Amino acid sequence: ELLARLNTYELAYRMQMSVPEVLQLSTETEETQKMYGLDQPETREFGTQMLAVRRLVERGVRFIQVQHGAGGAGVWDAHGGLLSNHERNFRAVDKPIGGLLRDLKQRGLLDSTLVIAMGEFGRTPWINPARGRDHYPDAWSLMMTGCGLGRGIVTGSTDEDGIAVQDRLYNEQNLFATIFRALGIDPYAEYDLPGMPTFHRVENQAAAIQELLV
């Protein structure tokens, strides 16, 4: 127990000593900074985070989560002001995300890095006069690339109104199984780890999305 506590303190010390160097983004070339949008006010904040992500990946950090928009009730909380809010939000994230993917690829890191861009749920395709668009669990989209996944593949679709899935219905078990497969982890193995997703071989409900695993 004492050794575990000492190792924890040592890890905290190493993190404190290494993070300042990781975040010295001024050492990057002007071309790289522009690729992430650091030269433009609308993309500078998120671009800074994406460039930091690449530097963390280079140094072997195994899991990185970046949140845009301040979380709950933040800028993506699309109950109202949809046109102005979403135009601003997409301008803020599109170039930095593209810059991250290009940078990872040109450095040979994309094949060993899984990048996922997603929200936590879908939104109703109709407008509630009192609330705008509400939370919606039936239709939800995300982007995933890297780790040898097929590029440019769109799988699954809704009806023309975005109300119901009409082709290739997937659930969160399919998503997590695909993530596990892309990372080289058997989703059906027995793991004695708290919080590890549980997969069941029932009617193929937890099958990975094979067309992505090319």
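One structure accompanies this document, and this report is about it. (Residues numbered from 1 in each chain as written. Predicted model: local features only at pLDDT ≥ 70, side-chain atom pairs only at ≥ 80, totals over all residues. Heavy atoms only, no water.)

On the surface, Leu11, Met15, Val19 and Leu23 cluster together to form a nonpolar patch covering roughly 350 Å² of accessible area. Residue classification places Leu23 among the partly exposed residues on the basis of a relative accessible area of 47%. (Patch = residues over 30% accessible without salt bridge, like charges linked within 9 Å, V, L, I, M, F, W, Y side chains within 5 Å. Areas by Shrake-Rupley, 256 points an atom, 1.4 Å probe, with all protein chains shown as cover. Salt bridge = Lys/Arg side-chain N within 4 Å of Asp/Glu carboxyl O. Buried < 20%, exposed > 50% of the residue type's maximum accessible area, 1.4 Å probe, protein only.)

In this structure, the second largest pocket encloses a volume near 230 Å³. Met15, Ser18, Val19, Val22, Leu56, Arg59, Val61, Phe63 and Ile64 are the residues that line the second largest pocket. With four residues, the top contributor of residues to the lining of the second largest pocket is helix α1 (residues 2–22). Residue composition of the lining of the second largest pocket, grouped by class: seven nonpolar, one polar and one charged. (1 Å grid on protein atoms, 1.4 Å probe; cavity = no way out; pocket = protein on both sides within 12 Å on 5 of 7 lines; lining within 4 Å. Points joined across faces, edges and corners; volume = space filled by probe spheres on them. Helix = DSSP H or I, 4+ residues; strand = E, 2+ residues; numbered from the N terminus. Nonpolar A, V, L, I, M, F, W, Y, C, P; charged D, E, K, R; others polar.)

Turning our eyes to something else, we now look at helix α5 (residues 172–182). Note on helix geometry: an α-helix contains 3.6 residues per turn, so any two residues three or four positions apart are oriented the same way. Here α5 lies mainly inside the structure; eight of its eleven residues are buried. Among the residues making up α5, those that are buried are Gln173, Asn174, Leu175, Ala177, Thr178, Ile179, Phe180 and Ala182. In this fold, the buried residues of α5 make contact with β1 (114–117) and β4 (143–146). For α5, the N-terminal cap is Asn171; the gap from its side-chain oxygen to the backbone nitrogen of Gln173 is 2.9 Å. After α5 finishes, the residue Gly184 shows a positive phi value of roughly 80°. (Contact = heavy atoms within 4.5 Å. Polar contact = N/O pair within 3.5 Å; in protein donor to acceptor, adjacent residues only side chain to side chain.)

Phi at Cys147 is positive, roughly 50°, even though this residue is not glycine. One non-glycine residue, Arg168, lies in positive phi territory at about 55°.

This paragraph deals with the environment of Pro137. Structurally, the position occupied by Pro137 is in the loop between β3 (135–136) and β4. Among the residues examined, Pro137 registers a relative accessible area of 68% and is labelled exposed. Expressed as a C-alpha distance, the spacing of Pro137 and Ala164, which sit 27 residues apart in the sequence, is 10.0 Å.

To continue, consider helix α4 (residues 82–106). For α4, spanning 25 residues, the distance from its first C-alpha to its last is 35 Å, which sits close to the expected 36 Å at 1.5 Å a residue. Those residues of α4 that sit buried are Asn85, His86, Asn89, Ala92, Val93, Pro96, Gly98, Gly99, Leu100, Leu101, Asp103 and Leu104. For α4, the elements touching its buried residues are α2 (30–35), α3 (41–58), β1 and β4. Residue Gly108 follows α4 closely and has a positive phi angle near 75°. (Expected span 1.5 Å × (residues − 1).)

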